[in-house]
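# Tertiary structure, described
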Amino acid sequence: MISKPNILFIVSDQHNAKVTGYNNHPDVKTPHLDRMAEEGVRFNNCVTQSPICTPSRVSFLSGQYCHNHGYYGLHGQNPSGLPNIFTHLRAYGYKTAAIGKIHCPEYWVEDACDIFEDSTGTSVGGRSKKYTQFLKERGKLELEDHGDLPEFGDKGRQSVEGRPSPLTFEESQEGWCANEAVNFMKKMSEQSNPFLLHVSFPRPHQCTTPSQEFWDLYETNRLTLPPNTDYDMEEALKSPHLIQTSEDWRTRDWALFEPRTFEAARLRKQHGYLGAVSQVDAAVGVLLNFLRESGLDKNTIVIYTSDHGDYATEHNVMEKAPGICSDAITRVPHIWWSPERFKSGHISDEVIELIDVSQTICSLAGLSTLETSDGKDISPLLQGDEQEIHQIGVTEFVWGKSVRKANFRLVYYPREMFPDEYPNGFGELYDLDADPWEMKNLYFDDRYGHIVQQLQSELLNWLITSTRPGTVHGVNSGPFPFSESPQTMVRYKTVINMDGKINPDLIQQSATKNYL
């Protein structure tokens, strides 16, 4: 019998947390995620570390904040020495696999996995040869449309236009990835190997082209648009770049189908997005149904989340930029499922972060913590407890930070961000209880000045205390306050973790404050 729990870590790309059935969205159909939430534990306030794919993925796979691992863009060299959950669990005998849209720096995940199938070509080596051959055998290779609408050439690249895909669900990235994942789990079960399986679906990220059966779940002209699509953004004191982006979507020529008005194209985007969410939901259903039918559900922990959100037509923006200024992007759906381990049906409103996945997996598997992770163990919340895990939850850009605490969300920008429009500085503050669609910026309201000051102070404290330095006199230079371990090394009289830095917890524990 397998003693260690299996881990199935499912990630979708760009899933707005509001667009789920269990969150009472008026239109979307997500029966499998709804059942997963009903049988598992769902988190209403999970914060992503970045509103961009690659830095978010580096964060939740390593457990580090962006300002520690340094990745803020879509590409980059291998973060040499930075462990991830694959390398960590592999050291404890786990078989590791990554299938789908991995979207990480070169060879960082590839070299840590026994099985690696990047279906999208967003990591080194291009699209999975196996998936490419799969489509060729069906004569469908030129029709694959997760990243562009091939019939429109260059104009169809990264389009947010909605239409049904010519590929069936089984031929789509979601269907193929789910089936490959099932095959991997079957093999591991036969060999009695514990596994860490990361399945990453490309949708509902554009192109919003679900297979016909999921497109047909919705009618374009009967969809409900978010309440913050058409309102006075200037009066609401929204950020200058969000206002400009919204205006660009309204006025530029991006519609590809008739009628080519903004209002019609916006509805097609919403239609395709909802269908893509339902397609991801169906793929999740394939995975969960296999676990139930095979009996692996009794020893498998399943996590569902997304790397970041999508505007999904909120504020009349059709994708994810500029992401830092909206709860639609910084908050993600998050469910943990293992009916025999967790408190079924529990709903947690505590602020957690995606980086918590790494430490919580270690805790639940009975493994040593990942010393290079900034995350926290949220396993008490999985048992129904309510306790503060983070004082604040932070999403990072280089020149902007979104801070979530209780019902308030602050966006901090340096004064240099908008020097012409706001020479004295600009920020955003929202009371999400009173204003869940963020249509009233309270930052300049004197009645909320103390909230702004409090959150800015907590942000500064967080940035200082969470940063991982390379050396600190008296902390990681002799005499050493901590001993060597498999996760540390000595380099010229200093003890460091494998990423070349030291854990900020050691600084907090240091008895010598003279050089801090």
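Just so it is clear, the structure is predicted and the values come from calculations on it, not from any experiment. The numbers attached to residues start from 1 for each chain and follow its sequence in the written order. Given that the model is predicted, a residue must reach a pLDDT of at least 70 before its local features are reported, and side-chain atom pairs must reach 80 or more before they are shown or counted; all residues, however, enter totals for whole chains, interfaces and linings. By convention in this description, side-chain values take in all heavy atoms of the structure and omit both hydrogens and water.

### Here we look at the overall build of the chain
Helix and strand counts for the chain stand at 14 helices and 17 strands. For 516 residues, the compact-globule estimate of 2.2 N^0.38 gives 24 Å, and the chain sits close to it at 23 Å. Projecting the C-alpha coordinates of the chain onto the three principal axes gives extents of approximately 70 × 65 × 40 Å. Under the scheme applied here, a residue whose accessible area is under 20% of the maximum for its type counts as buried, over 50% as exposed, and between as partly exposed, the area being computed with a 1.4 Å probe on protein chains only. In the chain, buried positions account for 61% of the 516 residues. For the chain, restricting intrachain contacts to residue pairs at least 6 apart in sequence, the fraction spanning at least 24 positions comes to 71%. When the accessible surface of the chain is summed, it comes to about 20400 Å², and 49% of that surface belongs to carbon and sulfur atoms. Computed over 48 positive and 70 negative side-chain charges, the separation of the two mean positions in the chain equals 4 Å. By the criteria applied, helices consist of DSSP H or I runs no shorter than four residues and strands consist of E runs no shorter than two, each listed in order from the N terminus. Both definitions apply: the radius of gyration is a C-alpha atom measure, and the globule rule equals 2.2 Å times residues to the power 0.38. In what follows, residue pairs with any heavy atoms lying within 4.5 Å of each other are defined as contacts. Only the protein chains shown count as cover for residues, and all accessible areas are computed by the Shrake-Rupley method using a 1.4 Å probe. Positive charge is attributed to Lys and Arg, negative charge to Asp and Glu, and no charge count is given to His or to the chain ends. We put the charge of a Lys on NZ, of an Arg on CZ, of an Asp on CG and of a Glu on CD.

### Remarks on the side chain of Gln-14
Tracing the backbone shows Gln-14 in the loop between strand S1 (6–13) and helix H1 (31–39). The exposure class of Gln-14 is buried, given its relative accessible area of 0%. Two N or O atoms count as a polar contact when they lie within 3.5 Å, although within protein this holds only if one can serve as hydrogen donor and the other as acceptor, and sequence-adjacent residues are included solely when both atoms are side-chain atoms. At a separation of 2.7 Å, a polar atom in the side chain of Gln-14 contacts the side chain of Asp-310. The residues touching Gln-14, leaving out its near neighbours within four places in the chain, are Pro-204, His-205, Gln-206, Tyr-273, Ser-306, Asp-307, His-308, Gly-309, Asp-310, Glu-319 and Lys-320.

### A word on the pattern of salt bridges
Salt bridges, as used here, are contacts in which a Lys or Arg side-chain nitrogen is within 4 Å of a carboxyl oxygen on Asp or Glu. Applying the stated criterion across every chain yields a total of 30 salt bridges. Here Asp-253 ties to Arg-260 by a salt bridge, and the two come within 2.7 Å at their closest N and O atoms. With a closest N to O distance of 2.8 Å, Lys-401 and Glu-396 form a salt bridge. Look at Lys-401 and you get buried, because its relative accessible area is 10%. When salt bridges that share partners are traced, they join Lys-18, Glu-314, Asp-327, Arg-331 and Arg-404 into one network.

### Observations regarding the packing of aromatic side chains
Think of it this way: a Phe, Tyr or Trp ring, Trp meaning its six-membered ring, pairs with another when their centres are within 6.5 Å, and the plane angle makes it stacked under 30 degrees, edge-to-face over 60, tilted otherwise. Under the defined criterion, the tally for this structure stands at 17 aromatic pairs. Both rings, one in Trp-249 and one in Trp-254, keep their centres 5.2 Å apart while their planes meet at 90°; by these two values the pair is edge-to-face. With a relative accessible area of 8%, Trp-254 lands in the buried category. Seen from their ring centres, Phe-426 and Phe-444 are 5.9 Å apart, and the 45° between their planes marks the pair as tilted. Highlighted residues: Phe-426 in the loop between strand S14 (408–412) and strand S15 (427–431) and Phe-444 in the loop between S15 and helix H13 (449–466), separated in sequence by 18 residues. Residue class for Phe-426 comes out buried when judged on its relative accessible area of 3%. Look at Phe-444 and you get partly exposed, because its relative accessible area is 37%. Among the aromatic residues, ring-to-ring pairing joins Tyr-413, Phe-418, Tyr-422, Phe-426, Tyr-443 and Phe-444 into one connected group. Note that Lys-18 overlies the ring of Trp-437, its terminal NZ or CZ placed 4.7 Å from the centroid. Both a distance and an angle decide whether a charge sits over a ring: NZ of Lys or CZ of Arg must be within 6 Å of the ring centre and within 35 degrees of the ring normal.

### Some thoughts on the pairing of S15
Side-chain positions along a regular strand alternate between the two faces of the sheet. With 5 of its 5 residues buried, S15 lies for the most part within the structure. Two strands pair when backbone bridges link them, and S14 and S15 are joined in this way by 5 bridges, in the antiparallel orientation. Its bridge partner lying in S15, Tyr-412 is registered against Gly-427. Two strands are said to pair when DSSP picks up at least two bridges between them.

### Digging into the sheet that holds strand S3 (residues 46–47)
Within a sheet, adjacent strands bond to each other through the backbone by hydrogen bonds, running parallel or antiparallel. Across the sheet, 3 strands lie side by side as S8-S3-S11; this open sheet has mixed pairing. What marks the edges here is a single partner per strand, and that holds for strand S8 (331–332) and strand S11 (352–353).

### Section: the layout of surface pockets
Whether a set of points on the 1 Å grid over the protein atoms alone is a cavity depends on a 1.4 Å probe fitting there but being unable to get out, while an open set qualifies as a pocket with protein on both sides within 12 Å along at least five of seven lines; lining residues are those with an atom within 4 Å of a point. Grid points are joined across faces, edges and corners, and a volume is the space filled by probe spheres set on the points. Estimates place the volume of the largest pocket at around 730 Å³. Forming the walls of the largest pocket are 27 residues, and the residues nearest its centre are Trp-462, Thr-465, Ser-466, Pro-504 and Gln-508. Approximately 470 Å³ is the volume attributed to the second largest pocket. Lining the second largest pocket are 27 residues; nearest its centre among them are Lys-18, Asp-327, Arg-331, Pro-436 and Trp-437. In terms of residue class, the lining of the second largest pocket is made up of 12 nonpolar, 8 polar and 7 charged. Just so you know the grouping, Ala, Val, Leu, Ile, Met, Phe, Trp, Tyr, Cys and Pro go in nonpolar, Asp, Glu, Lys and Arg go in charged, and all remaining residues, Gly too, go in polar.

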